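# Working through the structure, step by step
This is what each chain is made of:
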Amino acid sequence: MKYHEMNPEEIREKIQTDFKRGLTEEEVSRRRKQFGYNELQDGEKQSALLLFFSQFKDFMVIVLLVATLISGLLGEYIDAIAIMAIVLLNGVLGFYQERRAEKSLDALKKLSAPTASVLRDGEWIKIPSKEIVPGDIVRFSSGDRIGADLRIVEANSLEIEESALTGESVPSSKDTDIIHGENVGIGDMSNMAFMGTMVTRGSGIGVVIGTGMQTAMGQIADMLQTAETLQTPLQRRLEQLGKILIVVALVLTLLVVVIGIMQGHDIYTMFLSGVSLAVAAIPEGLPAIVTIALSLGVQRMIKKNSIVRKLPAVETLGCASVICSDKTGTMTQNKMTVTHLWANNEVWNVSGQGYEPIGEFLKSKRKMDPTKDVHFNKLLSFAMLCNHAEICKKGDYKLDGDPTEGALLVAGMKAGFSRDKLLKEYKIIQEFPFDSARKMMTIIVQDKKGDRYAITKGAPDILINLSESVFANGRQQYLNQQWKSQLQHAVESLAEQALRTIAISYKKLNTKTKFSHESEVEKDLTFIGLQGMIDPPRPEVYDAIKECREAGIKTVMITGDHVITAKAIGKELGLINSNSLVLDGAALDTMSVDELEEIVDDVSVFARVSPEHKLKIVKALQNNGHIVAMTGDGVNDAPAIKAADIGIAMGITGTDVAKESSSLILLDDNFATIKAAIQEGRNIYENIRKFIRYLLASNVGEILVMLFAMILAMPLPLVPIQILWVNLVTDGLPAMALGLDKPESDVMKRPPRNPKEGVFARGLGWKVISRGFLIGIATLIAFVIVYTNNPDDLAYAQTVAFSTLVLAQLIHVFDCRSEHSIFARNPFGNTYLVWAVISSVILLLIVIYYPPLATVFHTVPIEPRDWLLIIAMASIPTFLLVGSLFIKKK
Ligand code: ATP
């Protein structure tokens, strides 16, 4: 017999589990040994060895290796070995950088791995889906991705989208009924849920009957796509730029070689110099360093509670011009406490804070007992029944579940009610779960007499419209216009105090059949009353909004809450003032995207919106040229999250579907974290610009010094091995240290970056060329001065040129730290850079003064007086232009 044909008892027998307590930990580890982890087998990874060898597949590197081999065969052993060693070292560096980048990307993937809620040893716990074993009892609800193959044993309005398996994108409804018959296809197994499919509605519980490769998903081999690695726009642009730079470098090198030969230089030397120059000048390290800078930034972001799921988001973050954020939990603390009750035309206050169920009920400061008042009794007890939250005492009182429901539960507990006792009086027969489009939830209960009731709780303005009577003076009264405006007035007066309001209503049912759709029950209700709860703003949000404003980023609050509540909180957070325009869902419904476009720039608060409206808002903002960051948590938020330039999902309250559509996950659901991520995004981009500037200026300098020398019919200012050394040292540590630089103090004072801006925007091209040109000229001048003084000692002049070039680059690197000038910030503020430069200088001195290496690098010891010349010349490229800036300012 197959699982879909069995009843729960048969399943329990077959799979050996306990529906009430789940598996024990020992049983779990036994089954894990037997069945392995719940994973689909992944595609082969590139092996470390392959990655290492791929470092040498560059055309110019191969030419260099062949050339060295030839020079080795011709008897130039030392040169050949040294060049090989440097090429190898370069390869190791590249390998290390790529490996590191890959590792950190892997670590990221792990962090955003899906989780599942399972019953183990009698308790519901959250585990990585990978750890599910057959026999586990799994709980899931709207927005979850199913982690293994399950036989459903409990279902509430459950719908699952199975297109990953069946291709059918319309969700199928699911229940627990046994299915008979031969050859039942996956699409018809309405009592099963399969790995990789997505819960779009309702909730349920299932027993795991297959994991890993033993699932329907595991059997479809071609589904095992390896995750794509996305390139960021900058990486793409750099790749294109890289191609251009290769051509430019090759042309210039060729020019050096040809002119050199024409000026009478030896062909063989010119060839080796040319190849070395080409290897040095082609910025092959650029993509790897960019990836490292990105992934290091991403790691810094994790420390600040945001996980980047798609690398391109790091860059886009720096361009964000609007943040659309949910209110509840993101801008507010989501720590709700009921403070006001309204029933029977009376307002009561509730004292106490947080989830501790201790507090008093007061009517105009007079103590009241809600259990003795039939209206408040119903208001509190029904809100407890129509509720999934749990409060447990672990040290202090902790909430498990939705904070809104937790607050209702605590209010009831303060009155002395207990959910367990209520459940003995009222058995829950059916449930229509909450969703943010309907903004309500309903349960059907049966009391001891066998009478059935529907209890609905939800947004008051919606429940008022669905009610036909109101429970007052101990009886149901017709909800006439006068009552309606009284209710509306009550709602508004709570909302004006920034309270989140929930209404409770009920009705007696005269049927015992199950309802197939919520709309059959959620009508003709009797309104009982309101509970108003506070949800204080997060203290850090106010400043975060202000900082965003200074950074040219607009903050928009989007909430499902009542317009008046939203306005009150918007004002508290400094988003709007009393005259600001606040749009609600109803208004959005009447507008086209074009119409919304006209006014959207003036709106900072949207209230009573459904997730569907978010998409419209994103589109309208994008049409106005904005780069939009949008937060969300539910299934219905997914389209807007996907459409936004930066889709942000909540780490705590977010569903799997929202997380999968997002490019950024907030681990703490906090608005201030978005601001921190944007700041980091801007910083990462600036750091990348810094080392592009440094690397390219260095390369321009290297090529030009050789080119000018050849044009002026001079001897070679650098020998091949020196060129390679310069390239290794400067491409290595200092460039990486720039990637770790702290942001400049004004990164959040500048307007957002234009996403279309090219690599060389904002004067970067000019800086590269001018500094590179000066580095080349200064090196040449140092060379010429020393060489004309003593034309017999070419090696000495070459050592001076070599040192000048290295020092010029090492001084210039400090200038690259600022968009403004080297003195705009403390030049030694980046300790990594200081150490990178110090170690590069020490390496330079070793290469010059340690005789065995001096032989290899063709250097000779430099006299102290010439160091003065070297330092002076090396300072020119950086300080000449700073000086000119200074003069201009004066
Ligand atoms: P956000 O500000 O993040 O959009 P929100 O909590 O304001 O979130 P929803 O969760 O969609 O938005 O809630 C909308 C309305 O639905 C709330 O104002 C409240 O009246 C009602 N509501 C919220 N949670 C529940 C619930 N668990 N049961 C019944 N009604 C609820």
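The numbers attached to residues start from 1 for each chain and follow its sequence in the written order. Side-chain atom pairs in this predicted model are given and counted only at pLDDT of 80 or more, local residue features only at pLDDT of at least 70, and totals for whole chains, interfaces and linings cover all residues. For the side-chain quantities, the full set of heavy atoms in the structure was used; hydrogens and water were omitted.

Next up on the list: the overall build of the protein. Numbering of helices and strands runs from the N terminus, with a helix taken as a DSSP run of H or I at least four residues long and a strand as a DSSP run of E at least two residues long. Secondary structure assignment for the protein yields 31 helices and 28 strands. Overall, the protein is about 115 × 70 × 50 Å in size when its C-alpha atoms are taken along their principal axes. With a 1.4 Å probe rolled over the protein chains alone, any residue whose accessible area is under 20% of its type maximum counts as buried; one over 50% counts as exposed, and the rest are partly exposed. When the 890 residues of the protein are sorted by exposure, 56% land in the buried category. Should any heavy atoms of two residues lie within 4.5 Å, those residues are considered in contact. Counting contacts in the protein only where the partners sit at least 6 residues apart, residues at least 24 apart contribute 71% of the total. Of the accessible surface of the protein, which amounts to about 38,600 Å², a share of 57% is contributed by carbon and sulfur atoms. The charge count includes Lys and Arg as positive and Asp and Glu as negative, but it does not include His or the ends of the chains. For the purpose of locating charges, the reference atoms are NZ of Lys, CZ of Arg, CG of Asp and CD of Glu. Placing the 93 positive and 100 negative side-chain charges of the protein at their respective mean positions leaves the two points 5 Å apart. Areas reported as accessible are Shrake-Rupley estimates using a 1.4 Å probe. Residue values count occlusion only from the protein chains shown.

With that out of the way, let us pick up the pattern of salt bridges. By definition here, a salt bridge exists when the distance from a side-chain nitrogen of Lys or Arg to a carboxyl oxygen of Asp or Glu is within 4 Å. Under the criterion given, the structure shown has 43 salt bridges. In this structure, Glu13 engages Arg12 in a salt bridge whose closest nitrogen and oxygen atoms are separated by 3.6 Å. With a relative accessible area of 47%, Glu13 lands in the partly exposed category. One salt bridge connects Glu819 with Arg689, and the closest N-O pair in it is separated by 3.1 Å. Residue Glu819 is located in the loop between helix 28 (794-815) and helix 29 (831-849), and its partner Arg689 is located in helix 24 (residues 671-711); the two are separated by 130 residues in the primary sequence. You can call Glu819 buried: its relative accessible area is 18%.

The N-to-C vectors of helix 20 (residues 593-600) and helix 21 (residues 611-623) enclose an angle of 65 degrees; their axes lie 8 Å apart at closest approach. Helix 21 is crossed by helix 20, and the crossing has right-handed handedness. The residues of helix 21 that touch helix 20, namely those facing Val593, Leu596, Glu597 and Val600, are Lys616, Ile617, Lys619, Ala620, Leu621 and Asn623. Broken down by class, the residue content of the contact of helix 20 with helix 21 amounts to six nonpolar, one polar and three charged. Between N-to-C directions, angles span 0 to 180 degrees; the directions come from axes that are lines fitted to C-alpha atoms, helices contributing only their stretch in contact. With the far helix as reference, a near helix turned anticlockwise by less than a right angle produces a left-handed crossing, and one turned clockwise produces a right-handed crossing. For this classification, Asp, Glu, Lys and Arg are treated as charged, while Ala, Val, Leu, Ile, Met, Phe, Trp, Tyr, Cys and Pro are nonpolar and the rest, including Gly, are polar.

Our focus in this paragraph is the sheet that holds strand 24 (residues 582-584). A pair of strands is considered paired only if DSSP assigns at least 2 bridges between the two. Pairing is mixed across the open sheet formed by eight strands, whose spatial order is 8-28-27-26-9-23-25-24. This sheet does not close on itself; its edge strands, each paired only once, are strand 8 (306-308) and strand 24. Each neighbouring strand pair of the sheet contributes to a mean axis angle of 20 degrees, computed without reference to strand direction. Summarising the sheet, strand 8 and strand 28 (residues 664-666) pair through three bridges and their orientation is antiparallel. Residue pairing in the sheet places Val308 in a bridge with Leu664 of strand 28.

Helices are assigned an expected span. That span is 1.5 Å times one less than the residue count. With 41 residues, helix 24 ought to run about 60 Å at 1.5 Å a step, and its terminal C-alpha atoms sit 60 Å apart, in line with that. Within helix 24, 38 of the 41 residues are buried, which leaves it mostly tucked inside the rest of the structure. In protein, a polar contact means a hydrogen-donor-capable atom and an acceptor-capable atom, both N or O and within 3.5 Å, with residues adjacent in sequence counting only if both atoms are side-chain atoms; elsewhere, any N or O pair within 3.5 Å suffices. For helix 24, the side-chain oxygen to backbone nitrogen distance between the N-cap and Ala672 is 2.9 Å, and the N-cap itself is Asn670. Looking one or two residues past helix 24, Ala713 carries a phi angle of roughly 55 degrees, positive in sign.

Quick look at helix 29 now. Helix length check: helix 29 (19 residues) gives 26 Å between terminal C-alpha atoms against 27 Å at 1.5 Å per residue, within 8%. Of all the residues in helix 29, the buried ones are Leu833, Val834, Ala836, Val837, Ser840, Leu844, Val847 and Ile848. Angularly, the buried residues of helix 29 cover 165 degrees about the axis, an arc narrow enough to put them on a single face. Every exposed residue of helix 29 that faces more than 90 degrees away from the buried side is listed here: Thr831, Tyr832 and Trp835. The N-cap of helix 29, judged by a side-chain oxygen 3.1 Å from the amide nitrogen of Tyr832 a few residues on, is Asn830. An arc is given here, and it is the one of the directions from the helix axis to the C-beta atoms.

Residue proximity to a molecule or strand is established when one non-hydrogen atom of the residue lies within 4 Å of it. Taken together, 19 residues form the shell around the ligand, and within it Thr328, Ser436, Arg500, Thr559 and Asp561 come nearest. The side chain of Lys457 places a nitrogen or oxygen atom 3.1 Å from a nitrogen atom of the ligand. In the model, an oxygen atom of the ligand is placed 3.3 Å from a nitrogen or oxygen of the Arg608 side chain. If the ligand stood free it would expose 610 Å²; the protein chains cover 91% of that surface. Secondary-structure elements contributing two or more residues to the shell around the ligand are strand 18 (452-458) and strand 21 (500-509). Across the shell around the ligand, the residue classes tally to four nonpolar, six polar and nine charged. Boundary definitions for the domains trace back to an automatic or database domain assignment. Counting the residues that make up the shell around the ligand, at least three belong to each of domain 3 (306-332 + 538-669) and domain 4 (341-533).

Further remarks concern the pairing of strand 4 (residues 149-161). Sheet topology places strand 4 next to strand 7 (residues 198-210); ten bridges connect them, and they run antiparallel. Across the sheet, residue Arg151 finds its bridge partner in strand 7, namely Val207. Relative to strand 6 (residues 192-193), strand 4 runs antiparallel, the two sharing two bridges. Bridging across to strand 6, Arg151 finds its partner in Met192.

Looking now at the domain arrangement of the protein. Each assigned domain of the protein is listed here: domain 1 (3-37 + 116-223), domain 2 (235-302 + 677-889), domain 3 (306-332 + 538-669) and domain 4 (341-533). Taking the mean C-alpha position of each, domain 2 and domain 3 sit 44 Å from one another. Each partner contributes to the interface: domain 2 provides 19 residues, whereas domain 3 provides 19 residues. Interface area, domain 2 with domain 3, both sides summed: about 1,800 Å², of which 68% is carbon and sulfur. Put simply, domain 2 and domain 3 have zero salt bridges between them. For the pair domain 2 and domain 3, the number of links is six residue pairs in polar contact (both at pLDDT 80 or more). When contributions to the side of domain 2 that touches domain 3 are tallied by element, the ones reaching two or more residues are helix 10 (286-303) and helix 24. Accessible-area loss on putting two parts together, using a 1.4 Å probe and summing over both, is the definition of buried area adopted here.

Here the protein shows a mean pLDDT of 88. Residues at 70 or above account for 93%. How sure the predictor is of each residue is captured by pLDDT, a score from 0 to 100. Low pLDDT, under 50, characterises residues 221-228; the predicted model gives this stretch eight contacts beyond four residues in sequence or across chains.

Quick look at the packing of aromatic side chains now. Only the six-membered ring of Trp is used, alongside the rings of Phe and Tyr, when aromatic pairs are assigned; centres must lie within 6.5 Å, and planes under 30 degrees apart are stacked while those over 60 apart are edge-to-face, with the rest tilted. Counting across every chain of the model gives nine aromatic pairs. Between Phe382 and Tyr426, the aromatic rings sit 6.0 Å apart at their centres with planes inclined by 90 degrees, giving edge-to-face as the arrangement. One end of the pair, Phe382, is in helix 12 (residues 374-385); the other, Tyr426, is in the loop between helix 14 (419-425) and strand 16 (427-435), and 44 residues separate them in sequence. In this structure Phe382 comes out as buried when scored by relative accessible area, which is 4%. Joined through ring pairs, the aromatic side chains of Phe382, Tyr426, Tyr453, Phe471 and Tyr506 make up one cluster. Across the ring face of Tyr37, the terminal group of Lys130 is positioned such that the distance to the ring centre comes to 4.8 Å. As a reminder, the over-ring test applies to NZ of lysine and CZ of arginine, requiring each to be within 6 Å of the ring centre and within 35 degrees of the ring normal.

On to the packing of helix 28 against helix 29. Interaxial distance between helix 28 and helix 29 falls to 10 Å at its minimum, and their mutual angle equals 175 degrees. Relative to helix 29, helix 28 is oriented roughly antiparallel. Between helix 28 and helix 29, the residues in contact are Thr799, Phe802, Ser803, Val806, Leu807, Leu810, Val813 and Phe814 and Leu833, Val834, Val837, Ser840, Val841, Leu844, Val847 and Ile848, respectively. Taken together, the residues that form the contact of helix 28 with helix 29 break down as 13 nonpolar, three polar and no charged. With respect to orientation, any angle under 35 degrees is reported as roughly parallel, any angle over 145 as roughly antiparallel, any angle of 65 to 115 as roughly perpendicular, and every other angle as oblique.

Generally speaking, nonpolar side chains in soluble globular proteins are found buried as a group. Among buried residues, the Ala, Val, Leu, Ile, Met, Phe, Trp, Tyr and Cys ones that are joined through side-chain atoms within 4.5 Å form a nonpolar core. In terms of nonpolar packing, the biggest core is built from 136 residues, with Ile688, Phe691, Ile692 and Trp725 touching the most fellow members. Top element by residues in this core is helix 24. It accounts for 21 residues. Each of domain 2 (235-302 + 677-889) and domain 3 (306-332 + 538-669) contributes no fewer than three residues to this core. One finds Ala343, Ile443, Ile455 and Phe471 within the second-largest nonpolar core, a separate group that totals 38 residues.

Okay, the state of the cysteines next. Put simply, a disulfide is two cysteine sulfurs that come within 2.5 Å. Going through the model one piece at a time under the given rule, you end up with zero disulfides. For the unlinked cysteine Cys324, the closest cysteine sulfur is that of Cys548, found at 12 Å.

Turning to the environment of Ile146, a few remarks are in order. Mapped onto the elements, Ile146 comes out in the loop between strand 3 (137-141) and strand 4. The residues touching Ile146, leaving out its near neighbours within four places in the chain, are Phe140, Ile160, Ala193, Phe194, Met195, Gly196, Thr197 and Val199.

Taken across its five residues, strand 27 (residues 646-650) has five buried, putting it largely inside the fold. Burial along strand 27 is two-sided: Ile646, Ile648 and Met650 facing one way and Gly647 and Ala649 facing the other are all buried. The sheet contact formed by strand 26 (residues 628-632) and strand 27 spans four bridges and is parallel. If you follow Gly632 over to strand 27, its bridge partner there is Ala649.

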